[in-house]
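Chain by chain, the residues:
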Amino acid sequence: MHFLLFSNINKDPEQKVTDHLAEIIRKKGGTCSIVMEGDEAPDRTLDEELLKGTDLVIVLGGDGTLLRASHAVGRSELPMIGLNLGTTGFLTEVEIAQQEEMVDRLIRGDYMVEPRMRLAGVIRRAPAGNAVSDNSSVPAAPGSAEEQRISTEERFTSLNDIVIIREGVLRLIALKIYVNDVFFDTYEADGVILSTPTGSTGYNLSAGGPIVSPKARLLVMTPVSPHSLSKKSIVFGAGDKIRIELEEKRKTQKNEAIVSFDGYKNYEISVGDEVEICASDSALQLIRLEDRSFYEVLSRKLGPK
């Protein structure tokens, strides 16, 4: 069996833990490759040849490292397990003291795989100086500003969340929200979070959103500091498509925002740009060694200290 060790160099700066794990794997008849990464977002997925010969991925770090590893392996859906070198560790459940037992069980195939839903997002940009029409049912004329907008796209995926947040000045932004191409509401807020069940214990929780079982398939939309007591979290089905447009709020105010996926890869957007979000057709295959209740883990991680 061939393992890929995806290790956080900031949490294992001398590579001692990583090298020790590699030694354990070799002693037990396995082989491994090592990738050392920092806290920054990977610029591209790992080499296809490297991934092709890999049976599963062991991530050494915290939950953030596992998020980066999930992007680094792209759509390969290699099974992945986390060895916790961080703190809370909702995703990285195995501790350093358990690493030898972990390798034994992985080689024997004595584990469970839990699919975790991802989000797929696309940013569509309006040409500079052109407002975007609200009437999405009218087809774009050839060569028109609308056609140019549709052709200017940036795509990304996310395991935890996609966040649209104000940039710079301490003023609210206005976000016009459509669900399945039907106008839903306009949020005046610092921003909005679109979260998977896996990401519900992250920024979504800090912003007052609900905690969701990771086995569910749904999207949670939570406003960040909304300018209204009535704006609360909304739960959508996994088949729903959410489209969010940055709207001009004041002529005298520069209206810009940041779109962030999984908290580390950021894109700037301006008035007229829109972000479309839905469930991805690929999932993270997260390895579990124990069939522990999510609610037991939740109580241990977030309960009274």
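Data block above holds the structure.
No experiment lies behind these values; they were computed from the predicted model shown.

The rules behind the values
- Residues numbered from 1 in each chain as written.
- Predicted model: local features only at pLDDT ≥ 70, side-chain atom pairs only at ≥ 80, totals over all residues.
- Heavy atoms only, no water.
- Helix = DSSP H or I, 4+ residues; strand = E, 2+ residues; numbered from the N terminus.
- Buried < 20%, exposed > 50% of the residue type's maximum accessible area, 1.4 Å probe, protein only.
- Contact = heavy atoms within 4.5 Å.
- Salt bridge = Lys/Arg side-chain N within 4 Å of Asp/Glu carboxyl O.

A. Local environment of the overall build of the chain. Looking only at helices and strands, the chain features 7 helices and 16 strands. Classification of the 305 residues of the chain by burial places 51% in the buried group. Here the analysis covers contacts within the chain between residues at least 6 apart in sequence; of these, 72% occur between residues at least 24 apart.

B. Just the environment of Val35, in detail. The topology assignment puts Val35 in strand 2 (residues 31–37). On a C-alpha basis, the gap between Val35 and Ala69 in space is 9.9 Å, while along the polypeptide they are 34 residues apart.

C. Inspection of the pattern of salt bridges at higher detail. Applying the stated criterion to the full structure yields 22 salt bridges. Residue Glu14 is joined to Lys16 by a salt bridge in which the shortest nitrogen-to-oxygen separation is 3.2 Å. Here the two residues Glu14 and Lys16 agree in accessibility, since each one is exposed. Taking the shortest distance from any N to any O, the salt bridge between Lys241 and Asp181 comes out at 3.1 Å. One end of the pair, Lys241, is in the loop between strand 12 (234–237) and strand 13 (242–247); the other, Asp181, is in the loop between strand 8 (173–179) and strand 9 (182–189), with 60 residues separating them in the sequence.

D. Inspection of the environment of Pro197 at higher detail. Here Pro197 is to be found in the loop between strand 10 (191–195) and helix 6 (203–206). In this structure Pro197 comes out as buried when scored by relative accessible area, which is 2%. Sequence separation between Pro197 and Ile211 is 14 residues; the distance between their C-alpha atoms is 7.5 Å. Residue contacts for Pro197: discarding those within four places in its chain leaves Met117, Val212, Ser213, Pro214, Ala216 and Leu218.

E. Structural context of unusual backbone geometry. Unlike most non-glycine residues, Gln15 shows phi in positive territory, near 65°. With respect to the element layout, Gln15 can be found in the loop between strand 1 (2–8) and helix 1 (16–27). For Asp181, which is not glycine, the phi torsion reads 70° and is therefore positive. Judged by relative accessible area, Asp181 falls into the partly exposed class, the value being 39%.

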